[in-house]
Amino acid sequence: SPADKGKQKESPRATAMIVIGMAGSGKTTFMQRVNSYLHSREQPAYVLNLDPAVIHLPFDANIDIRDTVDYAEVMKQYNLGPNGGIMTALNLFTTKFDQVLSHVENRANEVDYVLLDTPGQIEIFTWSASGSIITDALASALPTVVVYIIDTPRTTAPATFMSNMLYACSILYKTRLPFLLVFNKTDVQPHDFALDWMRDFEAFQEALLERRQTHGEEDGPAYMDSLMNSMSLVLDEFYKHLRAVGVSAMTGEGMEELFDAVQEAREEYEKDY
Ligand code: GTP
């Protein structure tokens, strides 16, 4: 197509979604929802599970780290605790990622999405060499977007919101990939407050002040406020570079908006990467 002119190779049909989120954000429920949504639209995805420690996966994975590495065995053999075990299992899997990638590439023109589920302990993926290697390999093979799941009901306090956004920001700068914030659990907590804060840092600063007046030093000493006010200016820049949607992984609300945003993120990838 004319849009592809000047590109060395046409990008594959599939868009890869790397799904990350803090423990309890609802990542597994989200993966399950996305899978069943895509099935109902007859657009089944190619699914990779990278969480070696998950016991029950409520969806089918085409490639499952647990088929290659036995995490409990790794813990025993290397005398590691749970996090060391997960990290080492991921490292072992990464040494074979070229094979995984060739499977993905073989299917990249047959499916619309490749879904990558990451370990429940977010930093094991976001702050490890293996996580970077996998992310970079995937992103060099097909359009890739990072999907960051947020536990909306737990992020209504301004200080928590800011910590979560700073974490997201650090992942954006680490991966440098198109980034999508997904405010999950909108069935219990609508995400409009978050959109307001992201659109208008003064609204965030007002919320901060109000919270201080009602909760005193519960969220931290008052001198933190001026730091938070400054950081809200920094984040203002960050917000300009990303998309945010609200979903309920539980009820399925927001799936259309989610996939519209994924499509926009893919277009950004095609333009910039
Ligand atoms: P780990 O992988 O175990 O760290 O957790 P996770 O991030 O995968 O979260 P999981 O999907 O297990 O969900 C955590 C909790 O949030 C569970 O009790 C879910 O039922 C609940 N949950 C997930 N999504 C939603 C949602 O959209 N709405 C509501 N109300 N609850 C949700």
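Sequence order as written defines residue numbering, which begins from 1 separately in each chain. Restriction of local features to residues with pLDDT of at least 70 applies here, the model being predicted, together with a cutoff of 80 or more for giving and counting side-chain atom pairs; totals for whole chains, interfaces and linings are based on all residues. Note that water and hydrogens are dropped before the side-chain values are worked out from all heavy atoms of the structure.

A. How the structure looks around the pairing of strand β2 (residues 46-49). The rule is simple: take the accessible area with a 1.4 Å probe, protein chains only, and divide by the maximum for that residue type; under 20% is buried, over 50% is exposed, in between is partly exposed. Runs of E in the DSSP output that reach at least two residues are strands. Runs of H or I that reach at least four are helices, and both are numbered from the N terminus. Along β2, one buried face is formed by Tyr46 and Leu48 and the opposite face, lined by Val47 and Asn49, is buried too. Bridging between β2 and strand β4 (residues 113-117) involves 4 bridges; their strand directions are parallel. Within β4, the position partnered with valine 47 by the bridge is leucine 115. Should DSSP find at least two bridges between two strands, the strands are regarded as paired. As judged from the 2 bridges shared by β2 and strand β3 (residues 63-64), these two strands associate in the parallel manner. What sits directly across from leucine 48, in β3, is isoleucine 63.

B. Representation of the packing of aromatic side chains within the structure. Only centres within 6.5 Å qualify two rings of Phe, Tyr or Trp (six-membered ring in Trp) as a pair; their planes then separate them into stacked at under 30 degrees, edge-to-face at over 60, and tilted for everything else. Taken as a whole, this structure holds 13 aromatic pairs when the rule is applied. Between phenylalanine 161 and phenylalanine 193, the ring centres sit 6.3 Å apart and the planes meet at 65 degrees, which makes this aromatic pair edge-to-face. Taken together, the residues span a long stretch of sequence, with phenylalanine 161 in helix α8 (residues 158-175) and phenylalanine 193 in helix α9 (residues 192-199) at a distance of 32 residues. The interplanar angle of 65 degrees and the centroid separation of 6.5 Å between the aromatic rings of phenylalanine 179 and phenylalanine 238 together place this pair among those described as edge-to-face. Note that phenylalanine 179 is positioned in strand β6 (residues 179-184) and phenylalanine 238 in helix α11 (residues 224-239), a separation of 59 residues in sequence. The two residues phenylalanine 179 and phenylalanine 238 agree in class, both being buried. Three or more aromatic residues link up through ring pairs in this structure, and these residues are Phe161, Phe183, Phe193, Trp197 and Phe204.

C. Structural view of the site of the ligand. Nearness is defined per residue: one heavy atom within 4 Å of the molecule or strand is enough. Residues in contact with the ligand amount to 15 residues; listed here are only the nearest, Gly26, Thr28, Thr29, Asp187 and Ala249. Interatomic distance of 3.0 Å between a backbone N/O atom of lysine 27 and an oxygen atom of the ligand. The separation between an oxygen atom of the ligand and a polar side-chain atom of threonine 29 is 2.5 Å. Each accessible area is a Shrake-Rupley result for a 1.4 Å probe, and residues are judged covered by the shown protein chains and nothing else. Burial of the ligand by the protein amounts to 68% of the accessible area it has alone, namely 640 Å². Top element by residues in the shell around the ligand is helix α1 (residues 27-40). It accounts for 3 residues. For this scheme, ten residues count as nonpolar: Ala, Val, Leu, Ile, Met, Phe, Trp, Tyr, Cys and Pro. Four count as charged, namely Asp, Glu, Lys and Arg, and the remainder, Gly too, count as polar. Broken down by class, the residue content of the shell around the ligand amounts to 5 nonpolar, 7 polar and 3 charged. Polar contact is the term for a pair of N or O atoms within 3.5 Å; when the atoms are in protein, one must be able to donate a hydrogen and the other to accept it, and sequence-neighboring residues count only if both atoms are side-chain atoms.

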